[in-house]
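A structural walkthrough
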Amino acid sequence: MASWKKTIATPFKKAATLFNQPQQSPRKGCGGGKMDAKVREEHERRMVRELQGEVMACGYDDVLVMWSILDKSNSSNNLTS
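Here we summarise the structure given alongside this text. Note that this is a predicted model, so its numbers are computed, not measured.

**Quick notes on the nonpolar core**
Counting residues in each nonpolar core, the largest one holds nine residues, listed as Phe12, Ala15, Leu18, Phe19, Leu51, Val55, Cys58, Val63 and Trp67. Those elements that place two or more of their residues in this core are helix 1 (2-19), helix 2 (32-57) and helix 3 (61-80). Those residues in contact with valine 55, other than ones at most four positions away along the chain, are Pro11, Val63, Leu64 and Trp67.

**Regarding the pattern of salt bridges**
All told, the structure shown has three salt bridges when counted by the stated rule. Among the ionic pairs, arginine 45 bridges to glutamate 41, the shortest N-O distance being 2.2 Å. Taken together, the residues span about one helical turn, with arginine 45 and glutamate 41 both in helix 2 at a distance of four residues. Arginine 45 gets classed as partly exposed once you look at its relative accessible area, which sits at 41%. Among the salt bridges present, the one from arginine 45 reaches glutamate 42, with a minimum N-O distance of 3.3 Å. With arginine 45 and glutamate 42 both in helix 2, this residue pair falls three residues apart, about one helical turn. Look at the salt bridges and you will find they share partners, linking Glu41, Glu42, Arg45 and Arg49 into a network.

Rules of the game
- Residues numbered from 1 in each chain as written.
- Predicted model: local features only at pLDDT ≥ 70, side-chain atom pairs only at ≥ 80, totals over all residues.
- Heavy atoms only, no water.
- Core = buried A, V, L, I, M, F, W, Y, C linked by side-chain atoms within 4.5 Å.
- Buried < 20%, exposed > 50% of the residue type's maximum accessible area, 1.4 Å probe, protein only.
- Helix = DSSP H or I, 4+ residues; strand = E, 2+ residues; numbered from the N terminus.
- Contact = heavy atoms within 4.5 Å.
- Salt bridge = Lys/Arg side-chain N within 4 Å of Asp/Glu carboxyl O.

Don't take any of this as a statement about function, it's just geometry.
Listed below in structure tokens is the structure:
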């Protein structure tokens, strides 16, 4: 029973952590803030791809449906910001 719960819960804990991160504005000065923002954005994209792979590997349809809801929600939030 614990294994089933872990299989379901782990991807969603990662997704909640990833999608609920506060957006930080880049630091000002000498161009360093732009590089930090680019690196952070690339890291976030890579983490989303890894998480998506884990979710897609899960055999439960409920997990896939919840991922699609989170993904659509995140996409619409990016469009409005």
